[in-house]
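# Topology and contacts: notes
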Amino acid sequence: MFCELPDLLTADEVAQLKAIATSLSFVDGRVTNPDSKVKNNLQGLPGDPQHDRASQILLGGLKRSAVFIAYAFPKMVAPPALSLYRPGMNYGAHADAAFLPIGARPIRADLSCTVFLNDPADYDGGELSVRLGARAVDFKLSPGSAILYPSTTIHEVKPVTRGERLCGITFIESDIVDQAGRELLFTLNDVLATEGEKLSWEARTRLSHVATSLHRQWGDAG
Ligand SMILES: O=C(O)CCC(=O)C(=O)O
Ligand SMILES: [Fe+2]
């Protein structure tokens, strides 16, 4: 359901992103969601060279993360954006759009990702809160750490009441649209990678066969 990516970015990359943010001209977050009644934040503008540099740093962190690749089965990753919440800002409960009109063909949002950039001690509120039935799970991670959560959830960013919440956000289209199948396959591959050496060659080969066959059946890498 959730995949934390601790220290996805280095301290140096976090510092670079924070430095970019200090000179960036942030715009009303509704620029990318004009119809939203609940989005109350600021974000960088795609096409702004400084913002594009920030986007590349965030994307670089994801691309080199073996856990991200193994968990998300990424087919397409939307260009990450910087977003900023000042006191009084929030992003009320919403569901992410199914398809994002980016590039030559829309990206289907299967997974959403938040990379936290500010120290949690430096701001109050600003938790990413993801509904699980009648309960919610809140995330407020250390600088450079990220959370992947299903885009299919209802979620919100709670109001910031002190300090600033700077983060990077993006959306991922997975090879595997079905969340349950994707997570099962991640587990199978993970156990094979970590414990497979203990199995006989034949047993390991048969389990690999199950994993690759399920990926082939469930995946839509085309
Ligand atoms: O900033 C976050 O943690 C999540 C933002 C969000 O929900 C969105 O951009 O759709
Ligand atoms: Fe969202």
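Residues numbered from 1 in each chain as written. Chains lettered and ligands numbered in written order. Predicted model: local features only at pLDDT ≥ 70, side-chain atom pairs only at ≥ 80, totals over all residues. Heavy atoms only, no water.

The name given to the protein in an unreviewed UniProt entry is Fe2+-dependent dioxygenase, with Phenylobacterium kunshanense as the source organism.

### Concerning the UniProt feature "domain: Fe2OG dioxygenase" (unreviewed entry) in the protein
Quick reminder of the rule: UniProt positions are given in the numbering used here, feature names are shortened, and annotations may be inferred rather than shown by experiment. We count a stretch as a helix when DSSP gives it H or I for four or more residues in a row; a strand needs E for two or more, and each element gets its number in order from the N terminus.
If you check UniProt for "domain: Fe2OG dioxygenase" (unreviewed entry), the listed places come out as residues 76–174 in our numbering. Between the C-alpha atoms that bound residues 76–174 the distance is 7 Å, and the span itself is 0% helix and 58% strand.

### Considerations on the coordination of the iron ion (ligand 2)
Reference values for coordination geometry: four tetrahedral donors around a metal ideally subtend 109.5 degrees, six octahedral donors ideally subtend 90 or 180 degrees. We count it as follows: Distances up to 2.8 Å from the metal define which N, O and S atoms are donors, and 3.2 Å serves for Na, K and Ca; water is absent from the atom set, so sites may look incomplete. Residue burial is assigned from relative accessible area. The probe radius is 1.4 Å, only protein chains are included, and a residue is buried under 20% of its type maximum, exposed over 50%, and partly exposed in between.
Those protein atoms acting as donors to the iron ion (ligand 2) are His94 (NE2), Asp96 (OD) and His155 (NE2), and they sit at 2.1 Å. When the donor residues of the iron ion (ligand 2) are listed from N- to C-terminus, their spacing reads H-x1-D-x58-H. Classification of His94 as buried rests on a relative accessible area of 13%. Residue Asp96 is classed as buried on the basis of its relative accessible area, which comes to 15%.

### A closer look at the side chain of Asn118
What counts is decided by this rule: Pairs of N or O atoms within 3.5 Å make up the polar contacts considered here, provided that, within protein, one atom can donate a hydrogen while the other can accept it, and that residues adjacent in sequence are counted only when both atoms are side-chain atoms. Any pair of residues with heavy atoms lying within 4.5 Å of one another is described as a contacting pair.
As for its position among the elements, Asn118 is in the loop between strand S10 (111–116) and strand S11 (124–125). Looking at Asn118, its side chain comes within polar contact range of the main-chain oxygen of Glu164, at 2.8 Å. Once you skip the residues sitting within four places of it in the chain, Asn118 turns out to touch Lys18, Tyr123, Leu141, Pro143, Glu164, Arg165 and Leu166.

### Thoughts on the environment of Leu111
Of note, Leu111 is situated in strand S10. For Leu111 and Gly144, which are 33 residues apart along the polypeptide, the C-alpha to C-alpha distance reads 18 Å. Aside from chain neighbours lying at most four places away, what touches Leu111 is Tyr71, Ala72, Tyr149, Pro150, Ser151, Thr170, Phe171, Ile172 and Arg182.

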